[in-house]
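Now for the letters of each chain:
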Amino acid sequence: MKSASSPAAPGTPLSEHLLRGNLLAAACPSRDVLRHVTSRWGVLVLMVLETGTHRFSALRRAIGGVSERMLAQTLQWLEEDGLVRRTAYNEVPPRVEYTLTPLGREAAGHVRRLADWIEVKLPDILAARPDAADTQAH
């Protein structure tokens, strides 16, 4: 088994290993992308934008519980990671729209499958929690 600190699997060119990254390494920049994509709001933003282009206010209405500050920060992270495209129109009043890039559509498909699995398995997950027996007994 390859350890997290080993440089590369035998036979793997070092250049390929460096391009791929090493998520288990503390300093790997892929960790930031993972944090952005898999954050609570990142997953939900990607799922909503998978349905099409949205304005900020429409995204906020679609994602229950997200603050304006967290939505703006999440959109900024996803835009910096190349997953979301922000388009500002020179109009009065100003209009800004958000849409997924091709890379973002790919990421959205992955997180949607994870979210779908969680939804399907939620009864099993809740039943597996240590406090589930206490809740069912009352």
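Coordinates for the structure precede this section.
Only a predicted model underlies this, so the values are computations on that prediction, with no experimental measurement involved.

### Description of unusual backbone geometry
- The omega torsion of the bond from valine 92 to proline 93 falls at -5°, within 30 degrees of zero and hence cis.
- Residue position: proline 93 is located in the loop between β2 (84–89) and β3 (95–100).

### Some details on the environment of valine 43
- With respect to the secondary-structure elements, valine 43 resides in helix α3 (residues 40–49).
- By relative accessible area, valine 43 is classed as buried at 16%.
- Note: C-alpha distance between valine 43 and alanine 108 (65 residues apart in sequence) is 7.5 Å.
- Sequence-distant contacts of valine 43, defined by excluding residues within four places in its chain, comprise Val37, Thr38 and Val111.

### Concerning the pairing of β2
- As paired strands, β2 and β3 are joined by 6 bridges and run antiparallel to one another. The residue bridging alanine 88 from the neighbouring strand is valine 96, located in β3.
- In sequence, β2 turns back onto β3 through a hairpin of 5 residues.

### With respect to the nonpolar core
- Counting 21 residues, the largest nonpolar core has Leu46, Leu49 and Leu75 as the members making the most contacts within it.
- Mapped by element, the contributors of at least two residues to this core are α3, α5 (68–80), β3 and α6 (102–128).
- The biggest single contributor to this core is α3, with 6 residues.

### Remarks on the sheet that holds strand β1 (residues 54–55)
- Ordered by their spatial adjacency, 3 strands build an open sheet running β1-β3-β2, and the pairing between neighbours is antiparallel. Looking along the sheet, the strands with just one partner apiece sit at the ends: β1 and β2.

### Re the pairing of β3
- The buried fraction of β3 amounts to 5 of the 6 residues, a majority that puts the element mostly inside the structure.
- With 2 bridges joining them, β1 and β3 adopt antiparallel strand pairing. Considered in β3, the bridge of histidine 54 is made with tyrosine 98.

### Considering the pattern of salt bridges
- The final tally for this structure, using the stated rule, is 5 salt bridges.
- Where aspartate 32 meets arginine 35, a salt bridge forms, and the shortest distance between an N and an O atom there is 3.2 Å. With aspartate 32 and arginine 35 both in helix α2 (residues 30–38), this residue pair falls 3 residues apart, about one helical turn.
- Taking the relative accessible area as the measure of exposure, arginine 35 reaches 43% and is therefore partly exposed.
- Between glutamate 50 and arginine 112 there is a salt bridge, and its shortest N-O distance comes to 2.8 Å. With glutamate 50 in the loop between α3 and β1 and arginine 112 in helix α6, this pair connects stretches of sequence that are 62 residues apart.
- Taking the relative accessible area as the measure of exposure, arginine 112 reaches 30% and is therefore partly exposed.
- Among the charged side chains, a network of salt bridges with common partners joins Glu91, Arg95 and Glu97.

Parameters and conventions
Residues numbered from 1 in each chain as written. Predicted model: local features only at pLDDT ≥ 70, side-chain atom pairs only at ≥ 80, totals over all residues. Heavy atoms only, no water. Helix = DSSP H or I, 4+ residues; strand = E, 2+ residues; numbered from the N terminus. Buried < 20%, exposed > 50% of the residue type's maximum accessible area, 1.4 Å probe, protein only. Contact = heavy atoms within 4.5 Å. Pairing = 2+ DSSP bridges. Core = buried A, V, L, I, M, F, W, Y, C linked by side-chain atoms within 4.5 Å. Salt bridge = Lys/Arg side-chain N within 4 Å of Asp/Glu carboxyl O.

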